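What follows is the residue order along each chain.
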Amino acid sequence: MSILVIGGTGTLGRQIVRQAIDEGYQVKCMVRDFRRGAFLKEWGAELIYGDLSIPSTIPLALKGVTTVIDSSTIRSTSSYTAETIDWRGKLALLEASKIVGLKKFISFGVLNASANSSIPLMDLKLKIEEKITTSGLNYTIFQCSGFFQGLISQYALPILENETIWVQGNAAPVAYLDTQDAAKAVVNALNKSSYDNKIVSLIGEKFWASNEIIELCERLCGKRANISYIPFLAFSLLRRFFRLFEFTWNIADRLQFGEVVNDSKTIVKPNNEVDWPNGRLSLESYLQEYFSKILKKLRETNYEKTQKSNDISFL
């Protein structure tokens, strides 16, 4: 099986590439910047140029490929708009996949997106999901909620560095998952017919609210967090401001995710989860390992500084 991974330099994509290579698959990665994707080549992947914003580059990347894993999405700092990548680009990818007779098409959506279709990016993901399910291709769509890795910059680092954590009080809880566990589940599904033409949830064991994550971080690192709560109205006003300028539309769309408020429907565990033969890493274990490494490094750094100070003698 020859796999083409799109979005291989991303948080989830890179883990999928590594897992697939470790399990013996032939992996190609479609990238726009070969230097940025150099580490993927070092792992054993073949790099091929391709850009979802330039549809003419897609067919060549699909040559000799039997399976596509599309983990790409627009970044808030990207010069492209969400419609360029998450709609027109993915439509072009889908059409090219149909033409070459792809055997398997794997994509990623957002859990509970249908309940938040007013958010532009979620609406686009819902529309592309519909296109995939009616494409005639053998597909699997994994609906994700959030990943552990994003919590480091959002909560862990600000607490360690005594910086303010900005929190919306009524934000919806999220079922965060480790990207390594997610990648294992995705690669495990490649040869399982039970995932054919299915939409399945790829989420963690528990839905976490912001205050629960902060309390967990405080307990594990022994420091108090500086928390500032943002009114719901502030998200709406900021989003409207950024929508005034085309080059900040992506930021506006991301801000609107803050308007996904606490709703009882969002904390009901879905009944279409993937199979987890080996379980999942818990958020507490993940953060405990992170803080243990960081605090150990800080202690070693402080010790080295102390030793250097003691070595200084004054005549």
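Thresholds, definitions, all that
Residues numbered from 1 in each chain as written. Predicted model: local features only at pLDDT ≥ 70, side-chain atom pairs only at ≥ 80, totals over all residues. Heavy atoms only, no water. UniProt positions renumbered as here; feature names shortened; annotations may be inferred. 1 Å grid on protein atoms, 1.4 Å probe; cavity = no way out; pocket = protein on both sides within 12 Å on 5 of 7 lines; lining within 4 Å. Points joined across faces, edges and corners; volume = space filled by probe spheres on them. Helix = DSSP H or I, 4+ residues; strand = E, 2+ residues; numbered from the N terminus. Nonpolar A, V, L, I, M, F, W, Y, C, P; charged D, E, K, R; others polar. Buried < 20%, exposed > 50% of the residue type's maximum accessible area, 1.4 Å probe, protein only. Contact = heavy atoms within 4.5 Å. Polar contact = N/O pair within 3.5 Å; in protein donor to acceptor, adjacent residues only side chain to side chain.

- As recorded by an unreviewed UniProt entry, the protein chain carries the name Ycf39 and is attributed to Chrysochromulina tobinii.
- Checking UniProt for the protein chain, the heading Subcellular location (unreviewed entry) contains the comment "Plastid".

**With respect to empty space enclosed by the protein**
Then, in step 1: If you walk through the whole model with that rule in mind, you get 1 cavity of 30 Å³ or more.
Then, in step 2: Looking at the largest cavity, its volume works out to about 70 Å³.
Then, in step 3: Around the largest cavity, the lining residues are Asp 70, Ser 72, Asp 86, Lys 90, Ser 107, Phe 108, Gly 109, Lys 125, Ile 128 and Glu 129.
Then, in step 4: Contributing elements (two or more residues each) for the lining of the largest cavity: helix 4 (82-100), strand 5 (104-110) and helix 5 (120-133).
Then, in step 5: Across the lining of the largest cavity, the residue classes tally to 2 nonpolar, 3 polar and 5 charged.

**Remarks on the environment of Leu 94**
Then, in step 1: Inspection of the secondary structure puts Leu 94 in helix 4.
Then, in step 2: Using a relative accessible area of 3% as the deciding quantity, one classes Leu 94 as buried.
Then, in step 3: Beyond its immediate chain neighbours, meaning those up to four positions away, Leu 94 contacts Phe 105, Lys 131, Ile 132, Ser 135 and Leu 137.

**So, unusual backbone geometry**
Then, in step 1: The phi dihedral of Asn 112 falls on the positive side, at around 65°, and the residue is not glycine.
Then, in step 2: Its location among the elements puts Asn 112 in the loop between strand 5 and helix 5.
Then, in step 3: The class of Asn 112 is partly exposed, set by a relative accessible area of 27%.
Then, in step 4: You will see that Asn 162, though not glycine, has its phi angle at about 60°, which is positive.
Then, in step 5: Within the secondary structure, Asn 162 is located in the loop between helix 6 (150-160) and strand 8 (164-167).
Then, in step 6: Here Asn 162 falls in the exposed class, since its relative accessible area comes to 51%.

**A look at the environment of Arg 14**
Then, in step 1: Of note, Arg 14 is situated in helix 1 (residues 13-22).
Then, in step 2: Distance from Arg 14 to Gly 37, taken between C-alpha atoms, is 9.5 Å for residues 23 residues apart in sequence.
Then, in step 3: Leave out the neighbours within four places in its chain, and Arg 14 touches Gly 7, Gly 8, Thr 9, Phe 39 and Trp 43.
Then, in step 4: From its side chain, Arg 14 meets the backbone oxygen of Thr 9 in a polar contact 2.5 Å long.

**Notes on the side chain of Thr 57**
Then, in step 1: With respect to the helices, strands and loops of the structure, Thr 57 is situated in the loop between strand 3 (46-49) and helix 3 (58-61).
Then, in step 2: A polar contact of 2.9 Å, which involves the side chain of Thr 57, links it to the backbone nitrogen of Asp 51.
Then, in step 3: Excluding anything up to four places from it in sequence, Thr 57 contacts Tyr 49, Gly 50 and Asp 51.

**Overview of the layout of surface pockets**
Then, in step 1: Within this model, the second largest pocket holds a volume of roughly 210 Å³.
Then, in step 2: Looking at the second largest pocket, the residues that line it are Gln 19, Glu 23, Asp 181, Lys 184, Ala 185, Asn 188, Asp 275, Trp 276, Pro 277, Asn 278 and Gly 279.
Then, in step 3: With 4 residues, helix 7 (residues 179-188) is the largest single contributor of residues to the lining of the second largest pocket.
Then, in step 4: For the lining of the second largest pocket, the class distribution of residues is 3 nonpolar, 4 polar and 4 charged.

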